[in-house]
Amino acid sequence: MQQLISLRVDNTPGALMRVAGVLTSRGYNIDSLTVARTLDPTLSNMTIVVNVDSETYDEELLIKQIMRLVNVIEVVDLTNAQAVTRELALIKVTVSPDMRPALLKEADIFRARVVDAAPTSYTLEVTGASEKLDALIELLHNYGDVEMIRSGAMAMERAPQGDHRNTFAKASRVPERTREPVKT
Amino acid sequence: MSSLMSGSQILLESLAREGTEIIFGYPGGVTLPIYDVLYDHPIQHVLVRHEENATFAAEGYARTTGKVGVCMATSGPGATNLVTGLVDALMDSIPMVAITGQVPEHLIGRDAFQEADTFGITRAATKHNYLVKNIEDLSQIIHEAFHLAKSGRPGPVLVDITKNVLTGRTNYFPATKMKPLRGFHVRLDPDDDEIEAALQFLWASERPYIYAGGGIISAAASPELLEFVELLEAPLAHTVMGLGGLPSDHPNFISMLGMHGSYAANMGVTETDALIGLGVRFDDRVTGRLDAFAPNARVLHVDIDPAEINKNRRADVGVVGDVKRVLQKLNVRLRETKESLGGHNRENRAEWRARVNGWKREHPFADVSDENEIKPQYLMKRIDEISNGEGIVAVDVGQHQMWAAQYIRFNHPRLWVNSGGLGSMGFGMPAAMGAKFGNPDKLVFSISGDGGFMMSLPELATIASHKLPVKIIIMNNGWLGMVRQWQELFYNRRYSSVAMDAFPNCELLAAAFGIKGRSVDTPSELEVGLREALAEPGPYLLNVNVTREENVFPMVPSGGAVNEMILAPPKPVAVGD
Ligand SMILES: Cc1cc2nc3c(=O)[nH]c(=O)nc-3n(C[C@H](O)[C@H](O)[C@H](O)COP(=O)(O)OP(=O)(O)OC[C@H]3O[C@@H](n4cnc5c(N)ncnc54)[C@H](O)[C@@H]3O)c2cc1C
Ligand SMILES: Cc1ncc(C[n+]2csc(CCOP(=O)(O)OP(=O)(O)O)c2C)c(N)n1
């Protein structure tokens, strides 16, 4: 299964290295990791998706290790939370002239936009849940060769103070910093 | 008040403000400006003979004084030589600040002479690390480094400083208050409901067992632990890291548990219904096969690091907090309720104590001695008799470490110094050196195997140069003993690359360094050697040739259940129900 974690970290050199380091040194396989600054220029936001063994899955284990990092301000596990998760993909697909209308129609269903048109290919931009992107890419294979770049998932909680939040924090009495959301 | 100062001056000023009295280090190109300031600075600098030993000495100092140990190295090879000691301190949660020089900022990333990515290399070797490129940040970072090193779960912090910062100048304002670290919070105090849950847990138990470790030492919680043990009247086993937390002479002490733990400690943990883990991390050397560890017990786990709770063993009651404060609160409640709640299982608990005491009486560590040969266990017993629970004993890694842990008593915390988590050979002698610098009035033994001694050999020069009265004992069995033991037991006695031949003549070796020393082969010679060592006001090197093929027992084969210990040669016997 996949564990989805959102972090607020100091926007300092090395913060990304530390988080990635914890993941690798504890034996986790990173599926995607996105990082960018927030409204507060001293903070970055990270969304991490890791593959975990559902047999032995323990949501606290990884989160508590990440929380030990001095540059990590807040950690929220969104795996089972009410969250909006989005990913962006750029997809270049070769397409013969006669197939173009059909492709555009299908792209429309996925709300994908053409961002570049060349004589033999279209480049589409699409955002959505990761599964939606998977479905579109699957379809596009019917038209021609597909080349693709994905951003990795970004996730944001729907209700910042919801009950699901930090169930692990309550159980194990981790310090306050996970309880109060940082304004970003 | 401000004044124009160089980065090097600011560094030493900040260290001094943090209470640093001594630095273990080794100079080089980019740290020259620091050494120029050190030349006539009140902070003492001890020139070790290898940077790794600077980290071990700083650890020995920290482990015996409770203060933050400080070490220093130059860029490149100096910094990379620190790595083992940093990981050692990280594994054993020892407070340490390491200072390294870095090439000037404009050369970073250009493969400059003696450039290494110290910041990257030590990321996983430290609790936190810094690269200082701006002189204005320097003093704040030094104060942060000390704060991080000693707060919460202690650990090593490295500060890598570019040469341009060390030589630059700025107006220095002494930091009056450290800027708070928004990502670092320590929870010291438990909530009342947690204490109540723990209290219920304790009084509900029929066969309570206290498993106490390094957290007791770093929390300075020995007085509270003693009171707790006496209120609960429960047996207590220490991890290797916890020795001295409760006086070894205390009647409830049943020695160490785990791979080379006592029979009573390992049987006790197997039979208990209430395992009380205090500042321990359920290390695999302790637990053996996890599912057979304390199989009948509910678990109460107190630790300052939330990540330790439920890491290896699920806790029925987990309390995150400083174990000293947790025990203080718990002791109050235990005293208040001893008659009421404590009454229920009183008889069961008395019966349990009697059982554990029976194990302790019937299976002490073997009393091995011989007229002609020096048995390694006998050597440890003699050191124990001399130290009498009051001396500092720093050991290296291997068989001698385990025998020392089994046979030598420690009636106070911070007397026992060993590399537990990483098990770094070469640790012992430099650690003893650091301990002696921190405790000039205490008797300090350094005990190494012949293998580990050879790894720390160069520090004989440091010890000689300071005429440091460390009593250096080599338990010489001619082998890498611990590895040979495994080869004997699990690899058909195929002794592969474990002979420590060409060992130097220690009397000549001592003389070559200008210190006193002797090599002994029999128990009577050992007495002469020990007498001389104690009478000598300076350092003394005592090489003790012991029985060559002796094994450490009891032994839990790695991955085995702790109650299936091998008790003694020649035939392995499984002990259990
Ligand atoms: C050859 C060899 C053989 C070994 N055999 C054994 C053996 O038989 N038995 C054995 O026990 N060990 C053995 N060890 C050592 C073993 O590897 C571990 O180092 C040791 O068991 C860990 O001890 P600990 O659980 O006390 O944890 P430590 O490493 O001492 O950790 C301390 C714990 O306390 C917590 N803590 C720190 N400060 C506080 C505070 N203020 N309040 C609350 N909690 C705090 C920390 O977060 C941490 O979890 C052996 C090592 C070697 C090299
Ligand atoms: C740096 C390092 N290398 C290798 C080991 C593996 N090791 C553990 S114990 C041991 C043997 C130690 O031999 P010696 O120093 O003679 O001590 P003894 O076991 O004989 O007491 C070895 C090689 C280690 N712990 N540390």
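### Focus on the overall build of chain A
No. 1: Scanning chain A for helices and strands turns up five helices and nine strands.
No. 2: What you see in chain A, going N to C, is helices and strands ordered as β-α-β-β-α-β-β-α-β-β-α-β-β-α.
No. 3: Buried residues in chain A amount to 46% of all 184 residues.
No. 4: For chain A, long-range pairs separated by at least 24 residues make up 71% of all intrachain contacts whose partners lie at least 6 apart in sequence.
No. 5: For chain A, the accessible surface area stands at approximately 9500 Å², while carbon and sulfur atoms represent 53% of it.

### Considerations on the site of ligand 2
Residue and element names in this part refer to chain B.
No. 1: Residues in contact with ligand 2 amount to 17 residues; listed here are only the nearest, Q399, H400, G423, G452 and M482.
No. 2: At 2.8 Å, a backbone N or O of G423 approaches a nitrogen atom of ligand 2.
No. 3: Contributing elements (two or more residues each) for the shell around ligand 2: α17 (399-407), α19 (450-456) and α21 (481-490).
No. 4: In terms of residue class, the shell around ligand 2 is built from seven nonpolar, nine polar and one charged.

### Here we look at the sheet that holds strand β10 (residues 236-238) of chain B
Residue and element names in this part refer to chain B.
No. 1: With parallel pairing, six strands are arranged side by side in an open sheet as β11-β10-β9-β12-β13-β14. Where the open sheet ends on each side, the last strands, each with one partner, are β11 (253-256) and β14 (317-320). Each strand axis lies, on average, 15 degrees off the axis of its neighbour in the sheet, ignoring direction.
No. 2: Running over the sheet, helix α11 (residues 222-232) touches β9 (208-212), β10 and β12 (274-278) and is turned about 170 degrees from β9.
No. 3: In this fold helix α12 (residues 263-271) packs onto β9, β10, β11 and β12, with an angle of close to 100 degrees to the strand it touches most, β11.

### Here's the deal with the site of ligand 1
All names here are of chain B.
No. 1: Around ligand 1 sit 35 residues in total, of which T239, L257, R281, D303 and D322 are the nearest.
No. 2: S218 has a polar side-chain atom sitting 2.9 Å from a nitrogen atom of ligand 1.
No. 3: In this structure, an oxygen atom belonging to ligand 1 sits 2.6 Å away from a side-chain N or O atom of D303.
No. 4: Protein chains shield 97% of the accessible area of ligand 1, which is 1000 Å² for the free molecule.
No. 5: Mapped by element, the contributors of at least two residues to the shell around ligand 1 are α10 (214-218), α13 (284-287) and α17.
No. 6: Among the elements that line the shell around ligand 1, the one with the most residues is α10, at three residues.
No. 7: Classifying every residue of the shell around ligand 1 by side-chain character gives 13 nonpolar, 14 polar and eight charged.
No. 8: Both domains that furnish three or more residues to the shell around ligand 1 are identified here as domain 2 (192-362) and domain 3 (376-545).

### Observations regarding the interface of chain A and chain B
No. 1: Each side of the interface is counted separately: chain A has 26 residues, and chain B has 23 residues.
No. 2: If you look at where chain A meets chain B, you find three salt bridges.
No. 3: Between B:R182 and A:D10 there is a salt bridge; the shortest N-O distance is 2.7 Å.
No. 4: Where chain A meets chain B, there are seven residue pairs in polar contact (both at pLDDT 80 or more).
No. 5: Every element with two or more residues in the side of chain A that touches chain B is listed here: α1 (15-25), α2 (59-67) and β4 (72-77) of chain A.

### Observations concerning the domain arrangement of chain B
All names here are of chain B.
No. 1: Domain annotation for chain B reports domain 1 (3-172), domain 2 (192-362) and domain 3 (376-545).
No. 2: In this structure, domain 2 and domain 3 have C-alpha centres spaced 32 Å apart.
No. 3: With 16 residues of domain 2 in contact, the opposing surface of domain 3 contributes 16 residues.
No. 4: Together, the buried faces of domain 2 and domain 3 total about 1400 Å²; carbon and sulfur atoms form 58% of this surface.
No. 5: By the criterion of area lost to domain 3, the three top residues of domain 2 are V240, L243 and H260, representing 35% of everything that side buries.
No. 6: Residue D249 is joined to R409 by a salt bridge in which the shortest nitrogen-to-oxygen separation is 3.2 Å.

### Re the domain arrangement of chain A
Residue and element names in this part refer to chain A.
No. 1: Assigned domains of chain A: these are domain 1 (2-81) and domain 2 (84-154).
No. 2: In this structure, domain 1 and domain 2 have C-alpha centres spaced 29 Å apart.
No. 3: Taken together, the contacts link five residues of domain 1 with five residues of domain 2.
No. 4: Both faces considered, domain 1 and domain 2 share a buried interface measuring about 330 Å² in area, 65% of it formed by carbon and sulfur atoms.
No. 5: Linking domain 1 with domain 2 are zero salt bridges.
No. 6: Counting across the domain 1 and domain 2 interface gives two residue pairs in polar contact (both at pLDDT 80 or more).
No. 7: Secondary structure elements with two or more residues in the side of domain 1 that touches domain 2: β2 (29-37) and β3 (43-51).
No. 8: Partitioned by chemical class, the residues of the side of domain 1 that touches domain 2 number two nonpolar, three polar and no charged.

### A few points about unusual backbone geometry
No. 1: With an omega of -5 degrees, the peptide bond running from B:F553 to B:P554 counts as cis.
No. 2: Its place among the elements puts B:P554 in the segment after β20 (540-545).
No. 3: You will see that A:R111, though not glycine, has its phi angle at about 55 degrees, which is positive.
No. 4: If you check the backbone angles, B:F282 has positive phi at about 50 degrees while not being a glycine.
No. 5: Counting through the fold element by element, B:F282 comes out in the loop between β12 and α13.

### Side note on the confidence of the model for chain A
No. 1: Across chain A, the average pLDDT comes to 87, with 86% of residues at or above 70.
No. 2: Note that residues 162-184 of chain A has pLDDT below 50 and, in this model, 67 contacts with residues that lie over four places away or in other chains.

### Thoughts on a nonpolar patch on the surface
No. 1: A grouping of A:L88, A:L90, A:V115 and A:I149 is seen on the molecular surface, where their side chains present a nonpolar patch of about 320 Å² in accessible area.
No. 2: Residue position: A:V115 is located in strand β6 (residues 113-117).

### What to know about the pairing of β12(B)
Residues and elements named next belong to chain B.
No. 1: Burial within β12 is extensive, with five of its five residues counted as buried.
No. 2: Of the two faces of β12, the one carrying A274, I276 and L278 and the one carrying L275 and G277 are both buried.
No. 3: Judged from the five bridges that link them, β9 and β12 form a sheet pairing that is parallel. The residue of β12 that forms the bridge with P208 is A274.
No. 4: Where β12 lies against strand β13 (residues 298-303), five bridges are found, and the strand directions are parallel. Looking at β13, one finds that L278 is bridged to V302.

### As for the environment of A:Q65
No. 1: Along the chain, the position of A:Q65 falls in helix α2.
No. 2: Taking the relative accessible area as the measure of exposure, A:Q65 reaches 8% and is therefore buried.
No. 3: Taking the C-alpha atoms as reference points, A:Q65 and A:V75, ten residues apart in sequence, are found 11 Å from one another.
No. 4: In this structure A:Q65 touches A:V22, A:R26, B:A307 and B:K311, once residues within four positions along its chain are discounted.

Rules and cut-offs
- Residues numbered from 1 in each chain as written.
- Chains lettered and ligands numbered in written order.
- Predicted model: local features only at pLDDT ≥ 70, side-chain atom pairs only at ≥ 80, totals over all residues.
- Heavy atoms only, no water.
- Helix = DSSP H or I, 4+ residues; strand = E, 2+ residues; numbered from the N terminus.
- Buried < 20%, exposed > 50% of the residue type's maximum accessible area, 1.4 Å probe, protein only.
- Contact = heavy atoms within 4.5 Å.
- Areas by Shrake-Rupley, 256 points an atom, 1.4 Å probe, with all protein chains shown as cover.
- Near = heavy atom within 4 Å.
- Polar contact = N/O pair within 3.5 Å; in protein donor to acceptor, adjacent residues only side chain to side chain.
- Nonpolar A, V, L, I, M, F, W, Y, C, P; charged D, E, K, R; others polar.
- Pairing = 2+ DSSP bridges.
- Axes fitted to C-alpha atoms, helices over the stretch in contact; angles between N-to-C directions.
- Domains from an automatic or database assignment.
- Salt bridge = Lys/Arg side-chain N within 4 Å of Asp/Glu carboxyl O.
- Buried area = accessible area lost by both parts, 1.4 Å probe.
- pLDDT = per-residue confidence, 0-100.
- Patch = residues over 30% accessible without salt bridge, like charges linked within 9 Å, V, L, I, M, F, W, Y side chains within 5 Å.

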